[in-house]
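# Examining the three-dimensional arrangement
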Amino acid sequence: MHIAKTDIQLSYADTDMMGVIYHGNYIKWLELGRSQFVEDAGYDYLDMEKAGYYAPVYHLDFTYKKSIRFGDQVSVLTWVEENGRSRTVYGFKIVNGQNEICAEGTTTHIIVKKDTFRPVSFAKVFPEWFHKYEEMKKQK
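Source: prediction; values computed, not measured.

### Thoughts on the overall build of the protein
Helix and strand counts for the protein come out as four helices and seven strands. Scanning the protein from its N terminus toward the C terminus, one meets helices and strands in the order β-α-α-β-β-β-β-β-β-α-α. Against the globule reference of 14 Å for 140 residues, the protein gives a C-alpha radius of gyration of 16 Å, in line with a compact fold. C-alpha atoms of the protein, sized along the principal axes, occupy 45 × 35 × 25 Å. Per-residue burial for the protein yields a buried fraction of 40% across its 140 residues.

### Topic: empty space enclosed by the protein
One pass over the structure, following the stated rule, counts one cavity of 30 Å³ or more. Every residue lining the largest cavity is listed: Arg 34, Val 38, Tyr 45, Met 48, Ala 55, Thr 88, Tyr 90, His 109, Ile 111, Phe 122, Trp 129 and Tyr 133. Taken together, the elements giving at least two residues each to the lining of the largest cavity come down to helix 1 (24-40), helix 2 (45-50), strand 5 (87-96), strand 6 (101-113) and helix 4 (127-136). Each residue belonging to the lining of the largest cavity can be placed in one class, and the counts come to nine nonpolar, two polar and one charged.

### Focus: the packing of aromatic side chains
Inspection of the entire model under this criterion finds 16 aromatic pairs. Measuring from centroid to centroid gives 6.2 Å for Phe 37 and Tyr 90, while their planes differ by 80°, and the two rings are edge-to-face. Note that Phe 37 is positioned in helix 1 and Tyr 90 in strand 5, a separation of 53 residues in sequence. By relative accessible area, which is 0% here, Phe 37 ends up buried. The exposure class of Tyr 90 is buried, given its relative accessible area of 4%. With centroids separated by 5.8 Å and ring planes inclined at 70°, the aromatic side chains of Phe 122 and Tyr 133 adopt a geometry described as edge-to-face. Highlighted residues: Phe 122 in helix 3 (residues 122-125) and Tyr 133 in helix 4, separated in sequence by eleven residues. Looking at Phe 122, the relative accessible area reads 3%, which means it is buried.

### Brief notes about helix 1
If you check helix 1, its first and last C-alpha atoms are 25 Å apart, about what 17 residues at 1.5 Å a residue would give, namely 24 Å. Within the sequence span of helix 1, burial applies to Asn 25, Tyr 26, Trp 29, Leu 30, Gly 33, Arg 34, Phe 37 and Val 38. Backbone geometry just downstream of helix 1 places Gly 42 in the positive-phi region, at approximately 95°.

### Section: unusual backbone geometry
You will see that Asn 99, though not glycine, has its phi angle at about 65°, which is positive. Relative to the helices and strands, Asn 99 is located in the loop between strand 5 and strand 6. Given a relative accessible area of 57%, Asn 99 falls into the exposed group. Within the chain, Phe 117 stands out as a residue other than glycine whose phi angle is a positive 60°. Note on placement: Phe 117 falls in the loop between strand 6 and strand 7 (119-120).

### Observations regarding helix 4
Those residues of helix 4 that sit buried are Trp 129, Phe 130, Tyr 133 and Met 136. Around the axis of helix 4, the buried residues are gathered within 125° of arc, so they sit on the same side. Exposed residues pointing more than 90 degrees away from the buried face of helix 4 are listed as Glu 128 and Glu 135.

The rules behind the values
Residues numbered from 1 in each chain as written. Predicted model: local features only at pLDDT ≥ 70, side-chain atom pairs only at ≥ 80, totals over all residues. Heavy atoms only, no water. Helix = DSSP H or I, 4+ residues; strand = E, 2+ residues; numbered from the N terminus. Rg over C-alpha atoms; globule rule 2.2 N^0.38 Å. Buried < 20%, exposed > 50% of the residue type's maximum accessible area, 1.4 Å probe, protein only. 1 Å grid on protein atoms, 1.4 Å probe; cavity = no way out; pocket = protein on both sides within 12 Å on 5 of 7 lines; lining within 4 Å. Points joined across faces, edges and corners; volume = space filled by probe spheres on them. Nonpolar A, V, L, I, M, F, W, Y, C, P; charged D, E, K, R; others polar. Phe/Tyr/Trp six-rings, centres within 6.5 Å; stacked < 30°, edge-to-face > 60°. Expected span 1.5 Å × (residues − 1). Arc of directions from axis to C-beta.

In structure tokens, the structure reads:
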């Protein structure tokens, strides 16, 4: 199983009135983690778009476990949890500098045609990418 690691640069503007990192920022970090995983696999999301497809989020499941504060070191760990013909589930853990899990969850993505937004088979449209994910995904 391959796990992509993305270090996050925090800014004071990311905090809320309680002095912790605003919860909405975590979801943005999942996208950064997913982009890093795609890059580690040797692909580029922009190439998917140029070919006429998108990979929108179909489902998000996320749990906050520990606050992150400005000054903390933060990393997103990303892997492929499931890789089906029509959807891919990415797993995530957001950890602090002490490697404590601060949040974790999954996002499920489908592949759709750009012009119609109709779902298509990942395995049929991008077979090499699909098979690379099969090699990299979490083993059950």
